[in-house]
Amino acid sequence: MIKRILLSIVLLLVLAYLVVAVTAFNRKPAGQVCRDVELVIKDTVYAGFITKKEVAAMLEKKGISPIGKNLDRIRTKTLEQVLSKHPLIDEVECYKTPSGKLCIEVSQRIPILRIMSANGDNYYLDNKGTVMPPDAKCVAHLAIVTGNVEKSFAMRDLYKFGVFLQKNSFWDAQIEQIHVLPGKNIELVPRVGDHIIYLGKLDGFEQKLKRVKTFYEKGLNKVGWNKYSRISVEFGNQIICTKRE
């Protein structure tokens, strides 16, 4: 019985020590100032779109740079509201660390297509189908969309094709331009080969391009990449080629 009581007392003392230690560790010294800003890009594959220097300049311009300021007076929500206006930032979270740093975690908006429509529209489209301004300073290679591009068509349909290109390394490297014809029919201009790929409607584009890739591997590799001027997969179950004159 006495052993149980002693064991209980020891456990309570250990628990009390741990509570005090954790509290002391997390307690910020009075008057502690922010000595650094740490930028964390969550989608590291695209790291480089947004830089620490750019974030610091944006906060400096707004007069809310946290460096050298008392941590208790830094309003992280205000920083989040300002940074969320950056054209390449999708979500942002700011928090303070016990070591005196301000940590900024950023989820970037990933541009997947550059729209340059015949009606004068000029913008990027991101992987969620939302419009980004042309001054977003995107450094990545993107397929350019030209022709009769209605914004609603781009946001509803073309962005799905852009997401496909983003995830498919072969076609992402191959497609240089997407041209929208009247009636929302699609022509693709490849980087390799002097020909046009005519998709017709976007419906079933994955299966259509799968057929074109097979034709590349089994046909063009044998007869040459410049033999045909046009490869049509408008009808997904067949390929119609037009020979170069």
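Residues numbered from 1 in each chain as written. Predicted model: local features only at pLDDT ≥ 70, side-chain atom pairs only at ≥ 80, totals over all residues. Heavy atoms only, no water.

S.K.: How would you summarise the layout of surface pockets if you had to cite specific residues and measurements?
M.R.: In this structure, the second largest pocket encloses a volume near 150 Å³. Every residue lining the second largest pocket is listed: Phe-153, Asp-157, Lys-160, Lys-184, Lys-201, Leu-202, Asp-203, Gly-204 and Phe-205. At 3 residues, the largest contribution of residues to the lining of the second largest pocket is made by helix α4 (residues 151–167). Of the residues in the lining of the second largest pocket, the class split is 3 nonpolar, 1 polar and 5 charged. (1 Å grid on protein atoms, 1.4 Å probe; cavity = no way out; pocket = protein on both sides within 12 Å on 5 of 7 lines; lining within 4 Å. Points joined across faces, edges and corners; volume = space filled by probe spheres on them. Helix = DSSP H or I, 4+ residues; strand = E, 2+ residues; numbered from the N terminus. Nonpolar A, V, L, I, M, F, W, Y, C, P; charged D, E, K, R; others polar.)

S.K.: Tell me about the sheet that holds strand β11 (residues 228–232), residues and numbers included.
M.R.: In space, the 9 strands of this open sheet follow the order β6-β5-β4-β7-β8-β9-β10-β11-β12, with mixed pairing throughout. Strand pairing shows two members of the sheet lacking a second neighbour, β6 (131–132) and β12 (240–243), which therefore form its edges. With 3 bridges connecting them, strand β4 (residues 111–116) and strand β7 (residues 143–147) associate as parallel partners. Residue pairing for β7: Leu-113 is matched across the bridge by Ala-143. Its contacts with the sheet put α4 on β4, β5 (122–126), β6, β7, β8 (175–180), β9 (186–190) and β10 (196–200), and the angle it makes with β4 is roughly 135 degrees. (Pairing = 2+ DSSP bridges. Contact = heavy atoms within 4.5 Å. Axes fitted to C-alpha atoms, helices over the stretch in contact; angles between N-to-C directions.)

S.K.: How would you summarise the pattern of salt bridges if you had to cite specific residues and measurements?
M.R.: One pass over the full model with this rule turns up 5 salt bridges. Between Arg-109 and Asp-126 there is a salt bridge whose closest N-O contact spans 3.1 Å. Taken together, the positions of Arg-109 in the loop between β3 (101–108) and β4 and Asp-126 in strand β5 put the pair 17 residues apart, joining distant regions of the chain. The burial state of Arg-109 is the same as that of Asp-126; both residues are buried. Residues Glu-176 and Arg-191 are paired through a salt bridge, measuring 3.9 Å at the closest nitrogen-oxygen approach. Taken together, the positions of Glu-176 in strand β8 and Arg-191 in the loop between β9 and β10 put the pair 15 residues apart, joining distant regions of the chain. Relative accessible area serves as the criterion here: at 36%, Glu-176 is assigned to the partly exposed category. The partly exposed category is assigned to Arg-191, whose relative accessible area is 41%. (Salt bridge = Lys/Arg side-chain N within 4 Å of Asp/Glu carboxyl O. Buried < 20%, exposed > 50% of the residue type's maximum accessible area, 1.4 Å probe, protein only.)

Geometric values such as these leave the question of function open.
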